[in-house]
Amino acid sequence: MAQIDFDGTPEQAAALKSCIDEHRAEKGALMPVLHEAQNIYGYLPAEVQEVIAEELGIPLAEVYGVATFYSQFSLQPKGKHKISVCLGTACYVKGSDKILEAVEKELHITCGECTADRKFSLDSCRCVGACGLAPVMIVDGEVYGKLTAKEVPAILDKYMKE
Ligand code: FES
């Protein structure tokens, strides 16, 4: 797994603190605080989960449990370039698993991770409605269709050079 160092700023810490203060007295404060924390940091680093647990006086395991249960929360940062490989049925039968493998190999990360330089993050998705172009990969909203694993390095190279 790529090691991403936590690099939160004092401004982000202050924003988190004020969000926690705002919701502290509420029942069910955890969800709105996690949402806001993800807006502030772009994801939910372990360090931020610890602060939330301590400030709200709830076990860290509970914070972690909620953060991992809901798909809208991410425990990994997102890269400057967001890659998503479609693993929906039409793409899968046309070999999108091989596309995903090629991206993982090229970037030295696994699906759900972000490269250490935060340039790329990789996720999979279900049908994006472009089955006629299967197998499909999306980079920053741009759709690459009828892909082969061999084409992956050249596509990523274009973004690496940016
Ligand atoms: S299954 Fe991939 S676009 Fe439909």
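Residues numbered from 1 in each chain as written. Predicted model: local features only at pLDDT ≥ 70, side-chain atom pairs only at ≥ 80, totals over all residues.

A. Local environment of the overall build of the protein. Of regular secondary structure, the protein possesses seven helices and four strands. In sequence order, the secondary structure elements of the protein are arranged as α-α-α-α-β-α-α-β-β-β-α. Each of the three principal axes of the protein carries a C-alpha extent, and together these read 55 × 30 × 25 Å. Burial statistics for the protein: of 162 residues in total, 24% are counted as buried. Summarising the internal contacts of the protein: among those between residues at least 6 apart in sequence, 61% fall at separations of at least 24. (Helix = DSSP H or I, 4+ residues; strand = E, 2+ residues; numbered from the N terminus. Buried ≥ 20, exposed ≤ 12 C-beta atoms within 10 Å, placed from the backbone. Contact = placed C-beta atoms within 7 Å.)

B. Broad picture of unusual backbone geometry. Cis geometry marks the peptide bond from A134 to P135; its omega dihedral reads -5°. In this structure, P135 sits in the loop between β2 (120-125) and β3 (137-139). The backbone of D140 sits at a positive phi, close to 50°, despite the residue not being glycine. If you trace the backbone, D140 turns up in the loop between β3 and β4 (142-144). Accessibility expressed as a C-beta count within 10 Å gives 11 for D140, which makes it exposed.

C. Layout of the domain arrangement of the protein. Partitioning the protein into domains gives domain 1 (10-69) and domain 2 (81-160). If you average the C-alpha positions of domain 1 and of domain 2, the two centres end up 31 Å apart. (Domains from an automatic or database assignment.)

D. Expanded view of the pairing of strand β1 (residues 81-86). Pairing of β1 with β2 involves six bridges; the strand directions are parallel. Considered in β2, the bridge of H81 is made with F120. The pairing of β1 with β3 spans three bridges and is classified as antiparallel. Across the sheet, I83 pairs through a bridge with V139, a residue of β3. (Pairing = 2+ DSSP bridges.)

E. Here's a closer look at helix α3 (residues 46-56). If you check which residues of α3 are buried, you get V48, Q49 and I52. All buried residues of α3 project into a common sector of 100° when viewed along the axis, lining one side. Exposed residues on α3 whose side chains face more than 90 degrees from its buried face are A46 and E54. Of the surrounding elements, those touching the buried residues of α3 are α1 (10-23), α2 (30-41) and α4 (60-69). The positive-phi residue at the C-terminal boundary of α3 is G57, with phi of around 65°. (Arc of directions from axis to C-beta.)

F. Highlighting the sheet that holds β4. The strand order across the open sheet built from four strands is β2-β1-β3-β4, with neighbouring strands paired in mixed fashion. Only two strands of the sheet have a single neighbouring strand rather than two, namely β2 and β4. Sheet twist, expressed as the mean angle between neighbouring strand axes with direction ignored, is 20°. Across the face of the sheet, helix α6 (residues 96-107) comes into contact with β1, β2 and β3 while running at roughly 150° to β1. (Axes fitted to C-alpha atoms, helices over the stretch in contact; angles between N-to-C directions.)

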